[in-house]
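The primary structure of each chain is shown beneath.
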Amino acid sequence: MTEQTAQNANVKLRISNMTKRYSNGDGVSDIDLDVREGEIVTLLGPSGCGKSTILRTIGGFIGVDKGEILIDGKPVQNLPPEKRPTAMVFQSYNLWPHMTIFDNLAFGLQIKKVPKKEIAARIDKMLHLVHMEGHEKKYPTQLSGGQQQRIAIARALLLEPSVLLLDEPFSALDAKIRAQMREELKRIQQALKITVVFVTHDQEEAMALSDRIVVMNKGVIEQIGGPTEIYDCPKTRYVASFIGEMNFLPGANGTEIAVRPEDVWLDDAMEPEMSAVIRTIMPLGHYTKVGLEMGEHFLRAYVPKTDAAGLRVNDSVALTFHKKYVYNQNGGLQQ
Ligand SMILES: Nc1ncnc2c1ncn2[C@@H]1O[C@H](COP(=O)(O)OP(=O)(O)OP(=O)(O)O)[C@@H](O)[C@H]1O
Ligand SMILES: [Mg+2]
């Protein structure tokens, strides 16, 4: 097997050269993305960058202008949603309010003519998986938001899709439940080894959940990579500013220097690159956030708790940048 076919072997979803523009010109362009079997890939970017547009083209809710969408090697871009091996969960209003939880879950299976006994057994197993046993007879409004979304995910999973599509499924939930749902989704995804495309504008959610992240900007993909790769090697200034925290300083010839707060080291270097004055000290548990004034610029540094003990406001300190990035005028990574 050549390397190319080895890589292709477990591609579950392939989007190639796909463009979808709405009549007003908004949309996405030249999208290329492979999602491998059992992978959870996140589309990440600010509001309006085209995340839902991509997800809807995969699910068949909107057509494409150009390009191809393959699932299990077969083109699907001309099939209606119900003929595609996908299932989609939306942000809210997922469940049918006039039906019990059991009926909500059973509906899709009944349409597929799954025998009654098997439907009950499958629902039982699925409710167990999403930790919702005993809620079958309730109506959606009798459940909390988090519980409703768990049922919505269960309903999608019962259809045994090749690819599960989740469009900001947790965004209506409060922060604590949201973090919990993230962990649950990861657990379920790993248990079933299902392929997932997840949409969020929350970079922390993307970092926590994903095998790979697709960072989007104004309808195009800026970078695709694992969470660590994206964090450690942001290929553009945009990605550098969107993922994690970053200090930006003007460099030579119109370039910009970017440094992560944890890479700003306060130390007693013999030949310090720079010096700065401490303006703020905020102890945040295991690390301390230190605000630094360097000439006309402000920088943030994250200092381990033990190293921060001796720091005082208005002290002058030597700085070194443990790691830095230089972006050129076009926002591309120079070094
Ligand atoms: N049906 C539509 N008709 C015209 N323009 C649309 C339509 N749907 C979305 N758009 C526009 O296309 C762009 C991408 O929209 P999309 O919904 O994909 O963004 P998004 O990344 O999902 O944003 P959000 O995080 O707010 O959900 C936006 O500028 C949006 O206004
Ligand atoms: Mg959206």
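Look a little higher up for the structure.
Residues numbered from 1 in each chain as written. Chains lettered and ligands numbered in written order. Predicted model: local features only at pLDDT ≥ 70, side-chain atom pairs only at ≥ 80, totals over all residues.

Draft legend 1. Fine view of the sheet that holds strand S4 (residues 66-71). The four strands lie next to each other as S2-S1-S4-S5, forming an open sheet whose pairing is antiparallel. Pairing within the sheet leaves two strands with one partner each, and these edge strands are strand S2 (27-36) and strand S5 (74-75). Judged from the five bridges that link them, strand S1 (residues 11-21) and S4 form a sheet pairing that is antiparallel. Bridging across to S4, Ile15 finds its partner in Ile69. (Pairing = 2+ DSSP bridges. Helix = DSSP H or I, 4+ residues; strand = E, 2+ residues; numbered from the N terminus.)

Draft legend 2. Region of the structure containing the site of ligand 1. Taken together, 13 residues form the shell around ligand 1, and within it Tyr22, Asp26, Ser47, Ser52 and Thr53 come nearest. Element by element, the count of residues in the shell around ligand 1 is highest for helix H2 (residues 51-59), at three residues. (Near = placed C-beta within 6 Å.)

Draft legend 3. Just the environment of Lys112, in detail. Considering the arrangement of structural elements, one finds Lys112 in the loop between helix H3 (101-111) and helix H4 (116-129). A count of 11 C-beta atoms within 10 Å places Lys112 in the exposed class. With 47 residues separating them in the primary sequence, Lys112 and Leu159 have C-alpha atoms 8.9 Å apart. (Buried ≥ 20, exposed ≤ 12 C-beta atoms within 10 Å, placed from the backbone.)

Draft legend 4. Fine view of helix H6 (residues 175-192). Given a rise of 1.5 Å per residue, 18 residues ought to cover 26 Å, and the 26 Å separating the end C-alpha atoms of H6 matches this to within 8%. Lys193 lies just past H6 and shows a positive phi near 55°. (Expected span 1.5 Å × (residues − 1).)

Draft legend 5. Layout of unusual backbone geometry. Backbone geometry at Glu168 places phi at a positive 45°, although glycine is not the residue there. Within the secondary structure, Glu168 is located in the loop between strand S7 (163-167) and H6. With phi around 45°, Lys218 is a residue other than glycine that occupies positive phi space. The topology assignment puts Lys218 in the loop between strand S9 (212-217) and strand S10 (220-225).

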